[in-house]
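# Architecture at a glance
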Amino acid sequence: AYDLASFGRVDAVTMIDQGQWWRAVTALTLHADIVHLVSNLVAGMGFAFFVARFFGAFAGWGLIFLSGCLGNLLNAWVYYPDPHFSIGASTAVFGALGLLTGIGVWVALAEPDQRWTLPRWLVPVFGGFTLLGLIGVGDGLDGLVDVAAHISGFLCGLVLGLVGAIFQRLFVRFEGPLHYVAGLASLAFVGLAWWLALL
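What counts, and where the lines are drawn
- Residues numbered from 1 in each chain as written.
- Predicted model: local features only at pLDDT ≥ 70, side-chain atom pairs only at ≥ 80, totals over all residues.
- Heavy atoms only, no water.
- Helix = DSSP H or I, 4+ residues; strand = E, 2+ residues; numbered from the N terminus.
- Contact = heavy atoms within 4.5 Å.
- Areas by Shrake-Rupley, 256 points an atom, 1.4 Å probe, with all protein chains shown as cover.
- Core = buried A, V, L, I, M, F, W, Y, C linked by side-chain atoms within 4.5 Å.
- Buried < 20%, exposed > 50% of the residue type's maximum accessible area, 1.4 Å probe, protein only.
- Expected span 1.5 Å × (residues − 1).
- Phe/Tyr/Trp six-rings, centres within 6.5 Å; stacked < 30°, edge-to-face > 60°.
- Lys NZ or Arg CZ within 6 Å of the ring centre and 35° of its normal.
- Bend = angle between axes of the 7 residues up to and from the residue.
- Polar contact = N/O pair within 3.5 Å; in protein donor to acceptor, adjacent residues only side chain to side chain.
- Axes fitted to C-alpha atoms, helices over the stretch in contact; angles between N-to-C directions.
- Parallel < 35°, antiparallel > 145°, perpendicular 65-115°, else oblique.
- Left-handed = near helix turned anticlockwise from the far one by under 90°.
- Nonpolar A, V, L, I, M, F, W, Y, C, P; charged D, E, K, R; others polar.

This part takes up the overall build of the protein chain. Each helix and strand in the protein chain was counted, giving ten helices and two strands. Mapped from its N terminus to its C terminus, the protein chain presents α and β elements in the order α-β-α-α-α-α-β-α-α-α-α-α. Excluding contacts between residues fewer than 6 apart, the proportion of contacts in the protein chain whose partners are at least 24 apart in sequence is 78%. For the protein chain, the accessible area works out to roughly 11200 Å², and carbon and sulfur atoms hold 72% of it.

Written out as structure tokens, the structure reads:
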């Protein structure tokens, strides 16, 4: 009954000109078809597993969600003032890859230096950007894959992963009851975003 894509997709002009920030959230929940959805689920679960192992479940999923939302906002800003539309959770999927890359950079910087001919942080950065290139660009030249959204999500995740890794012990310490509170809060936030979209 509703054209959900028009209400919830990333729309660069509407987001910037009218401040419809909730599109950064709702676009993550929309997919073109079952293949689009399953491909994001399969790729996302692999990255999310390792992010959650490092940060704990509630912080890990929260950071993935946040990197996807920020990635959609950055993507809209990159295209503005040109019209641009985008849907799918792949921004968050590549946000998770960025989080893992940021974690790797922090670990490389924090551990005692060893005899490397190159800075140790180059290894996770090279690995992260290689995976981004291999699975994030794909057939992006045909216009069906939003490569800019993948890169935006990755970059936001990279920054959040690097900063989050510094406070990793704090995240893990509060893992217990906050796990359920954070999960419910995330669902409520998605519900609020859709409520604003459909007003």
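In this section: the nonpolar core. Val 51, Phe 55, Ile 64 and Leu 99 are the most contacted members of the largest nonpolar core, which totals 25 residues. When residues of this core are traced back to their parent elements, those giving at least two are α4 (34-55), α5 (57-79), α6 (90-110), α8 (147-166) and α10 (178-198). Of all hydrophobic cores here, the second largest spans six residues; its members include Val 10, Ala 12, Ala 24 and Ala 76.

Here we come to α5. Here α5 contains 23 residues, and its C-alpha end-to-end distance of 33 Å stays within 8% of the 33 Å for a straight helix at 1.5 Å per residue. Residues of α5 that are buried: Phe 58, Ala 59, Gly 60, Leu 63, Ile 64, Ser 67, Gly 68, Cys 69, Gly 71, Asn 72, Asn 75 and Ala 76.

Looking at the element boundaries, Gly 88 is found in the loop between β2 (85-86) and α6. Residues Gly 88 and Asn 72 lie 16 residues apart in sequence; the distance between their C-alpha atoms is 10.0 Å. In this structure, Gly 88 is in contact with Ala 27, Leu 28, Leu 30, His 31, His 36 and Asn 40, ignoring residues within four places of it in sequence.

Considering all chains together, one arrives at five aromatic pairs under this definition. Against the face of Phe 85 rests Arg 9, its NZ or CZ located 4.0 Å from the ring centre.

Now for α4. With 22 residues, α4 should cover 32 Å at 1.5 Å per step; its first-to-last C-alpha distance of 30 Å lies within 8% of that length. Met 45 marks where α4 bends most, by close to 30°. Of all the residues in α4, the buried ones are His 36, Asn 40, Gly 44, Phe 47, Ala 48, Val 51, Ala 52 and Phe 55. Two to three positions downstream of the cap, the backbone nitrogen of Val 35 sits 3.2 Å from a side-chain oxygen, assigning the N-cap of α4 to Asp 33.

Attention shifts here to the packing of α5 against α8. Two elements in contact, α5 and α8, have axes whose closest approach is 7 Å; the angle formed by their N-to-C orientations is 130°. Taken together, the axis directions place α5 and α8 in an arrangement best described as oblique. Once α5 is placed against α8, the crossing between them reads as right-handed. Contacts from Leu 63, Leu 66, Ser 67, Leu 70, Gly 71, Leu 74, Asn 75 and Tyr 79 in α5 reach Ala 148, Ala 149, Ser 152, Gly 153, Cys 156, Gly 157 and Leu 160 in α8. A per-class count over the contact of α5 with α8 returns nine nonpolar, six polar and no charged.

Any link to function would need more than the numbers given here.
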